[in-house]
Amino acid sequence: MPSVPLSWLSLAMAVLVLAARLLADNPICGVRQQQAAGGGSDVPELTARQPGGWPWQVSLELATENKHFCGGAIISEYWVITAAHCFIPPVPQNLQEIVVVSGLSRQMRPEQWVRYSSPHDIIMHEQFNEQTGENDIALVRMVERISFGAHVLPVCFPNSEIFFGNTWSPCYITGWMKSGEETTDLLQEAPVSFISFKDCNETIFSGKLQPTMMCMDSEKSQDLACHMDSGGPVVCKVKGGRQFYLIGVVSWVSDCAQRWPGVFTMTKSYLAWIQDVTSRYGKMFDLKEYGAESTLRQQRSSVATNTKQAKAHTNQTCGQATMAAKAAKPTDSFTLTDSGNLCRSPLIWLAVAHLRSLVVLVLAT
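Because the structure is a prediction, the values reported are computed rather than measured.

Chemist: Summarise the overall build of the protein; cite the residues concerned and give the values.
Modeler: The number of helices and strands found in the protein is 11 helices and 18 strands. Counting across all 365 residues of the protein, residues that qualify as buried make up 50%. As displayed, the protein offers around 17,400 Å² of accessible surface, 55% of which is attributable to carbon and sulfur atoms.

Next up, the structure:
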C-alpha cells in the first residue's frame, strides 16, 4: 500500500479544522450530525441514544443536586427556549442554582464534550398563567456563547410561512422521559402526531385550551410519551426536507392512566415576543440565521412552491387540504391550515374524532 505524503495529511487536517470552524460559526439549524457532516439523504439518521442524536436538546438541572428537572432547546448561540412553568417554585429562583447542560445524551455518565453553562437571565412570558397554562414559554439567556459542533447545534425556528400549508413528517418529542419520580439515563425520543385544535379543545378539554396551544398524541409510544419532559422540544421536518423545526414546547401531559393527549405551546405564535425579549437582553434572535429565513436561502425553489401552497391554504377546508396532500400517509404526515385545523384523510380523522368522544363519554360517567 503506497504511503500518503505528509503534506497531503497536513492539508486534509487543515480542511477538517476549517470545516469544523465554519460549522461552529455558521451552523445549519435543525440538521443532525451525519447530515451536518455532509452526508446525503441516504445517510441513516442518528437516534436519541447516540451522541449528537438531538443536538439542540438541553437538560435544565439543579446545580447542587445535579438533578434534571426540565428540558429545553437551543435556538441560537445565546438562547435556549423552554416552558415558563419550569421556573415556578419549588424550583430555586436564584440563577446560581440552575445549570444548562448541552451535548448530553447520558444523565448518569455524561460524555466528555458535555458543557455545563450558567444562565445570565431567565425570562418567563409576562402573561404566563399558571392556572390555565396560557403563554407557557420562557427564554434562557446564556452567560457565554454556545459553542456549536457535532454534538451541539441549534434547531430551526418556524414562522407562519413555513408553519402553515406544509406537510410535516416525521414529528418527535425528546428528553429524559420521567418514569414515576425518576428520569431515564439515556435521552429518549418518541414519535408524535397532532390533533386539531378545534376537536381537542371542544371534545377533550371542554374549551379550556388557548389558541396558542396544540394537542399531540403518541399512541405508538405511550409509555414514554406520557412521561414527557416539561419544556422539551416538539420537532418536525417538512416532508421530504432535512431540517427539523421547533413546532412547540411541551407544556403539560394529562393523566397517563386516562391516556389523554399532551399539550404544547406553539412556538411560531411567539416569534415577535422572542425577538423583542432577545433584543432587550443584548443578543436579538435572528430568524435569518436560525429559522425559516435560512431555509428560504438554501431551498429557494422548494420554498417558492411551499409559499404558493401556504397561500392556497388560507381559509381552506381540511377536505381541500387533504386532497392537496393526498400522497402523504395519514398516520405519519400532517398539514396545518391557518384556521388551526389539522388535516388528515377523512376516514382516519372521523375514526379519531369518534374515539375522542368515546373517551370523554367514559370519563364523564
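From this point, the discussion proceeds with the structure in view.
Chemist: Before we move on, can you summarise the confidence of the model for the protein with the specific residues and values?
Modeler: When pLDDT is averaged along the protein, the result is 74, and 62% of the positions lie at 70 or above. Across the protein, element-level confidence peaks in strand 3 (residues 79-82) with a mean pLDDT of 98 and bottoms out in helix 11 (residues 346-364) with 32. Within the model, pLDDT remains below 50 along residues 35-44, and this stretch shows 8 contacts once partners closer than five positions in the same chain are excluded.

Chemist: An account of the pattern of salt bridges is requested, with residue identities and associated values reported.
Modeler: Considering all chains together, one arrives at 5 salt bridges under this definition. Between lysine 198 and glutamate 202 there is a salt bridge, and its shortest N-O distance comes to 3.4 Å. Within this pair, lysine 198 and its partner glutamate 202 are both found in helix 4 (residues 197-204), separated by 4 residues, close to a single helical turn. On the basis of relative accessible area, lysine 198 is assigned to the partly exposed category, the value being 47%. Classification of glutamate 202 by relative accessible area gives exposed; the value is 52%. Arginine 280 is the salt-bridge partner of aspartate 276, the closest N and O atoms lying 3.3 Å from each other. Linking aspartate 276 with arginine 280, this pair stays in helix 6 (residues 271-280), spanning 4 residues, or about one helical turn. Residue aspartate 276 is classed as partly exposed on the basis of its relative accessible area, which comes to 39%. One salt-bridge network, held together by shared partners, links Glu77, Arg145 and Lys283.

Chemist: Now, about unusual backbone geometry: what can you tell me, with residues and values included?
Modeler: The bulk of non-glycine residues show a negative phi, and the bulk of peptide bonds are trans. Put simply, proline 89 and proline 90 share a cis peptide bond, and its omega is 15 degrees. Counting through the fold element by element, proline 90 comes out in the loop between strand 3 and strand 4 (98-102). A cis geometry characterises the amide bond from serine 169 onward to proline 170, with omega recorded as 0 degrees. Structurally, proline 170 is set in strand 8 (residues 167-175). Positive phi, close to 55 degrees, is recorded for asparagine 66, a residue that is not glycine. Among the residues examined, asparagine 66 registers a relative accessible area of 48% and is labelled partly exposed.

Procedures and definitions
- Residues numbered from 1 in each chain as written.
- Predicted model: local features only at pLDDT ≥ 70, side-chain atom pairs only at ≥ 80, totals over all residues.
- Heavy atoms only, no water.
- Helix = DSSP H or I, 4+ residues; strand = E, 2+ residues; numbered from the N terminus.
- Buried < 20%, exposed > 50% of the residue type's maximum accessible area, 1.4 Å probe, protein only.
- Areas by Shrake-Rupley, 256 points an atom, 1.4 Å probe, with all protein chains shown as cover.
- pLDDT = per-residue confidence, 0-100.
- Contact = heavy atoms within 4.5 Å.
- Salt bridge = Lys/Arg side-chain N within 4 Å of Asp/Glu carboxyl O.

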